[in-house]
Every structure is written in structure tokens, then in C-alpha cells.
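Chains, contacts and geometry: an overview
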Number of protein chains: 2
Amino acid sequence: MKKLLIMYIFLVGALVIYVYNYHLENSRINSLSQESGGLSGKIDEKYVMVTFLSGIDYWKNCLKGFEDAAQALNVSVEYRGATQYDVNEQVTVLEQVIARKPAGIAISAMDPNKLTKTINKAVEQGIPVVLFDSDALGSKAFSFLGTNNYNAGATAAHKMAELLGRKGKVAVITLPNQLNHQQRTKGFIETMYKEYPGIEVAVVKDGKGDALVSKQVALEILKQYPDLSGIFVTEANGGVGVGEAVSLLAKKTKIISFDTDKRTLDMVKQGLIDATLAQGTWNMGYWALQFLFHLHHKLTPSLSSDYPLMPSYVDTGITVVTKENVDSFYAK
Amino acid sequence: MKKLLIMYIFLVGALVIYVYNYHLENSRINSLSQESGGLSGKIDEKYVMVTFLSGIDYWKNCLKGFEDAAQALNVSVEYRGATQYDVNEQVTVLEQVIARKPAGIAISAMDPNKLTKTINKAVEQGIPVVLFDSDALGSKAFSFLGTNNYNAGATAAHKMAELLGRKGKVAVITLPNQLNHQQRTKGFIETMYKEYPGIEVAVVKDGKGDALVSKQVALEILKQYPDLSGIFVTEANGGVGVGEAVSLLAKKTKIISFDTDKRTLDMVKQGLIDATLAQGTWNMGYWALQFLFHLHHKLTPSLSSDYPLMPSYVDTGITVVTKENVDSFYAK
């Protein structure tokens, strides 16, 4: 019995030492990964992307960037949005998202005036919010990540000048009442005026964001200016309509369009549209998540009133898409 | 003896199961951290910051951001720069840095024209380069992170309007031949004109970036416009001179200055300068390193000609510094 007792005590002792070492080792690993384990969150840390017209292709690449950043940082994401072009629906969706207290929200604001109050409510509850693609000026969101539309127009002007050998007569078909389209048009016209004296912007027309209307407008312009060498269309539906008009008249008019929906890319591939401008949508999603992660983990210095120091604006860039590189832009 | 044996077998079995579970648990942790262990580099991965006038206070906070990001991402940094305001020295320093093939270079370009060639050489050799604080337009660097000077001027206008109760006569003392100062002045004047009809910008003068000259200019302006209620100075040396002038005449003229060198902060603390605009220098350094890390590790999608998708511009933001928050801005 005595022998049994000694053996018993010995084995229990060995077990205790083993368990102790196990925990020691584990806590060493944990503290190591806190010291220099890189940037990493928790898998139950959820970041939400909120859009409107949530089913359209345009958001796919924004979400891809958001997801890629989440994978890199070991956190989770969720995609929500108003299914319709309906700001009240987007407010409701945002309210539902806030109620579940996520680690952060990236939102594209359909209508700044109607969303600012709800965005501010989230920030006041301590939920980090950044805006992407469409800003809500004056809201308490910490940053805006999106295209600089003036520069996008300037990029279109440079490309058009290259296509036309720096001379000729051009037209713009746009949405004259929408700010981002006004800026695209302004960047295009001012760049032509300042840098390409051989090119004249002859006319600016309203295409109403519609393929049929834009087609009709293009047909009229091409009749009025038979020597027109180029058309810049500031949005994708119009670009398709203009492509059809030029094709119908069998003209050689150069076309530059905007964005990368499937019909536009197909027309670039066929050579009906000479170039289209791709927005940095992946960048919007990727850096939006990075910013939210930094806000959630308080990784940036706080200045006055605990307001964290964040970049106020990120110009996510523009890429010119032509026949040569069109294949990389189809949504995967 | 039989009882002893059973006990013995039982305990050894328990131990074996425990050890087995321990290893199982450990390998699960290891594979988890390989799959999604967050963003982390290697400690021998070196990123270099290159400046000019490398000893001035202004860069300290840029470097702090750069170092903070390096610590978060588990990589190393080095600080280099021309000691003088000498672009040839900066070119030489940059050449030396390139020769050692670092993982990435963040540079503030003293003179874009003379640096672009060397910056492009680095990019062509496969070394990621981003610009911060001072851009080199037209270079092959992947991004620029710095202050939007027009917006900074607008921020100064809003603060001035607040200080003056939206009415009065104001002056601007600036460097009229330098682009960033032209933009600050333009943002200030246009914002006043559009949003504050009760405020008149009476005069814009050259302070030559010098405390004594700016003091003299301020004394003259205050004599010419005895009812002047505010002065916006677009750089720090001038701000100190204007503070001395207003103090000398025992006027109540409100002063808004720029940047956060020690003399400026001291004058804010004493109430001689009412507000100064702090640039987002920490953001410049922090996000410059993040971008270089992403370029080095090829973490962003590549589009045409293997050109990685990066934000083209980051507005690193402006913070208004007043008596209330001045203490957080002294260099640590």
C-alpha cells in the first residue's frame, strides 16, 4: 500500500508539473504574439459594408477589397445594403446594423442629407464609421475613400488627347445636375483648355444616365458636328448608347466612357469604346476596412477630445482600361 | 499488486491522452496563425524615410508614424536625409539608399524636378517608393500622402470666422511664389468669399517665410488698417513675427498660424497666437509605411503592366490647435 501511495503521488506530481509547463508555454506564446505578431484581430470582430442598389456589379470589387483586408487582418465581414435606390431603406438597414454593434461600418451614402443623422448616431455610440465611393460631407464619419472626379475628368482628357493626336473637336455627354458628373466634366474641359490648345470642346449635353437617351443625343451631336472626333461620356449607361450611335453611323469617333460594367467592357473589347475609366473600387474596400480596424483597436494617436488622427480623404485612383488590359477588369 | 498495476496503467494512459491533446491543441494554434495570423513582415525587412533639412522638428512626428507602423507590422526602419536645404545632397542620399536595396522608400521631395529621375530609378529597380509631405508630380512613385493645402486654407477661414463672430476685416501673410502657400491662401480667400460675406480679406502680403520680415509687414498692415480684426499667416516663422507685432502694439487682432514648432506652440499657450494648423504628419509616416509594406509584399491586385493598384493620394488631414489642446502637440 505504501508503494502504491508513493507511485500515486509521483505520477500526480509529474502531471501537475506538466500542466504547469503547458500553461507557461502558452502564456509565452500569447505575449510574444502581442509584442510583435503583426496586425491581427479576432475572427468574431465583425465589420459591415453598407451600400444601396446592393445587387449591382459595381460593389463587387469594393467588397472584394473589404474581404481581402479582413482575411489579412483575421477579422470577419458582412455585406448589407438597400436593395433599391431608396434612401429610407438604406437608413433602415443602417439602423439595423448599428443595433448589432459591429466593430466598424463602411458606408456609401446614397443621399448625404438623409443619412448624416444615422451615421452620426453610430459614431456617437462609439462605432467607427468611414464613407466610401459617395461621401456625406459634414457627417462625423472619420474618413472618405473614393474617386477624385475632377482628376478622373482630367485623366479622360489626357487619354482623349492621346487618341486624337492632340487635335480635333470633342463633345461631353453627362449628368449636368449631379455633383460627381459636374466635376468629371469640369476636369475634362479645364484640362483640354489648359494643356491641349489643338482640341476644342464643342458641346456638353445631358444624357440622363440612360442608354437610349444618350444614343439619341449622340446621333444629334454627330449630325450637328460631322467632323466631331471624340466623345467623353461620364457614366456607363450613356457610354453604351453612344457606342451604339457611333456604330450605327459607321463613324470613327473615339469614345471614352466611365466604369467597368460588363456591357462597357464588352464594347471596349470589340473596339466600339476606345477607353473607359475604372475607379479604384478594390482600394475603397480594402483601405476602408484597414481604417476601421485601426479605429476599433485605437491604433492611431488621439488628439483633442479623443478624436483619432485619421486621413480625411483617400483618392482611390483611376485606371484607364483599353483593349490591352480589359480582361483583368471583368468581375470574378 | 494487481490494484497497483491498474492504477499505474490508468495514470500513464491519462498522461498520454493529455500530452496528445496538448500537441493537437498546439498544432491547431500554429496552423491558425499561418492561415490568418494577420499582417506581419520580417524584422530584417528595412524601410527607409528620406527627408531634407533632416534635423528639424517637423519630421519627428512623420518618423514616429513610420516607426509605429513598422512596430505594428514587425519590420525595421531607417531615417536618412540631406542635412541641408540642398537638393543635390538629397539626390546623393537617395542614391546611397537605393544602392542598399531596401524594402521600400518614403521620400519628401525638396525639388521634384531634380529628384524625379532618381525616384524613377528606384521604382524601375523594383523598390517601392511613395512620396509624403512634398509631392514630385509626374514621378513613378506609387502614391502621395500629404496635406491638401487648399482645404487647410479653408479650415483656417472657418476658424477665423468663428473667432471673429463672422464679421470684420482680415489679412493674409504668405509666400506668394510657393505653390503650397498659394493654395492655402486661395482656400482661405475663396471660403471667406463664398461662406462669410461679413468678412473682408483686405490685403495679402509677402512675409518671405521670415519672422522679422513678417513682423515688419504686420506692423505696416496694422497701421494701414487700424480696424483689422484677424491675420492668417501661412507658415510658422511668419506666425511668430506677426505674434510679436500684435503683442508690441497691444492689439486684439486674432492670429491663425501654421504648423507646430515649439515657438508657435508656446505662443498658442500664451494666447498670442489664437490657433495654428497642425498637419497630419503622423498619418503621413504611418500610412506611407503601410503602403510600402503592401507594395513590397504584393498584397494589392496588379492591373495593366503589373502596376499595383494603390490609392494615388491620401489627404492626411488638418487639426486646429488652440489653447485647449496645445499640450498634445509638443514633440515627444
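Residues numbered from 1 in each chain as written. Chains lettered and ligands numbered in written order. Predicted model: local features only at pLDDT ≥ 70, side-chain atom pairs only at ≥ 80, totals over all residues. Heavy atoms only, no water.

If you look chain A up in an unreviewed UniProt entry, it shows as Ribose transport system substrate-binding protein from Anoxybacteroides voinovskiense. Chain A has a UniProt comment under Subcellular location (unreviewed entry) that states "Cell envelope". Within the UniProt record for chain A, the comment given under Sequence similarities (unreviewed entry) is "Belongs to the bacterial solute-binding protein 2 family." (UniProt positions renumbered as here; feature names shortened; annotations may be inferred.)

Another aspect to go through is helix α9 (residues 262-270) of chain B. Residue and element names in this part refer to chain B. Among the residues of α9, those classed as buried are Thr-264, Leu-265, Met-267 and Val-268. For α9, the arc enclosing every buried residue in end-on projection is 160°, short of the 170-degree limit, so these residues lie on one face. Along α9, exposed side chains directed more than 90 degrees from the buried face belong to Lys-262 and Gln-270. Residues of α9 that are buried make contact with α8 (236-248), β9 (254-258), β10 (275-279) and β12 (318-321). Where α9 ends, the next residue or the one after it, Gly-271, has phi of about 85°, a positive value. (Buried < 20%, exposed > 50% of the residue type's maximum accessible area, 1.4 Å probe, protein only. Helix = DSSP H or I, 4+ residues; strand = E, 2+ residues; numbered from the N terminus. Arc of directions from axis to C-beta. Contact = heavy atoms within 4.5 Å.)

Another aspect to go through is the packing of helix α8 (residues 236-248) of chain A against helix α9 (residues 262-270) of chain A. Residues and elements named next belong to chain A. It is the contact of α8 with α9, at a shortest axis distance of 9 Å, that shows an interaxial angle of 35°. The crossing of α8 and α9 is left-handed. Contacts between α8 and α9 involve Ala-236, Asn-237, Val-240, Gly-243 and Glu-244 on the former and, on the latter, Arg-263, Thr-264 and Met-267. Broken down by class, the residue content of the contact of α8 with α9 amounts to three nonpolar, three polar and two charged. (Axes fitted to C-alpha atoms, helices over the stretch in contact; angles between N-to-C directions. Left-handed = near helix turned anticlockwise from the far one by under 90°. Nonpolar A, V, L, I, M, F, W, Y, C, P; charged D, E, K, R; others polar.)

Before going further, it helps to examine the pattern of salt bridges. In total, this model carries 30 salt bridges over all chains according to the counting rule given. When the shortest N-O distance is used, the salt bridge between Lys159(B) and Glu162(B) registers 3.2 Å. In this pair, Lys159(B) and Glu162(B) are both assigned in helix α5 (residues 149-163), three residues apart and thus about one turn of the helix distant. On the basis of relative accessibility, which here comes to 14%, the residue Lys159(B) falls in the buried class. Look at the salt bridges and you will find they share partners, linking Lys46(A), Glu78(A) and Arg100(A) into a network. (Salt bridge = Lys/Arg side-chain N within 4 Å of Asp/Glu carboxyl O.)

Moving on: the sheet that holds strand β2 (residues 76-82) of chain A. Spatially, β2(A)-β1(A)-β3(A)-β4(A)-β5(A)-β11(A)-β11(B)-β5(B)-β4(B)-β3(B)-β1(B)-β2(B) is the arrangement adopted by the 12 strands of the open sheet, whose pairing is mixed. Whereas interior strands pair on both sides, the edge strands pair on one side only; in this sheet they are β2 of chain A together with β2 (76-82) of chain B. Going across the sheet, the axis of each strand differs from the next one's by a mean of 20°, ignoring polarity. Sheet topology note: the strand β1 (residues 46-52) of chain A/β2(A) ladder contains seven bridges and is parallel. Across the sheet, Thr51(A) pairs through a bridge with Gly81(A), a residue of β2(A). Against the sheet, helix α4 (residues 112-124) of chain A makes contact with β3 (104-107) and β4 (129-132) of chain A, and its axis sits at roughly 145° relative to β4(A), the strand it touches most. Lying on the sheet, helix α3 (residues 87-99) of chain B is in contact with β1 (46-52), β2 and β3 (104-107) of chain B; it crosses β2(B) at an angle near 150°. (Pairing = 2+ DSSP bridges.)

In this fold, Ile199(A) is placed in strand β7 (residues 199-206). The contacts of Ile199(A), once residues within four sequence positions are left out, are Ala161(A), Arg166(A), Lys167(A), Gly168(A), Val170(A) and Met192(A).

This paragraph deals with unusual backbone geometry. The phi dihedral of Leu53(A) falls on the positive side, at around 45°, and the residue is not glycine. For Leu53(A), the location among the structural elements is in the loop between β1 and α2 (58-73). Assessed through its relative accessible area of 28%, Leu53(A) is described here as partly exposed. With a phi angle near 45°, Lys101(B) is a residue other than glycine that sits in the positive phi range. With respect to the helices and strands, Lys101(B) occurs in the loop between α3 and β3.

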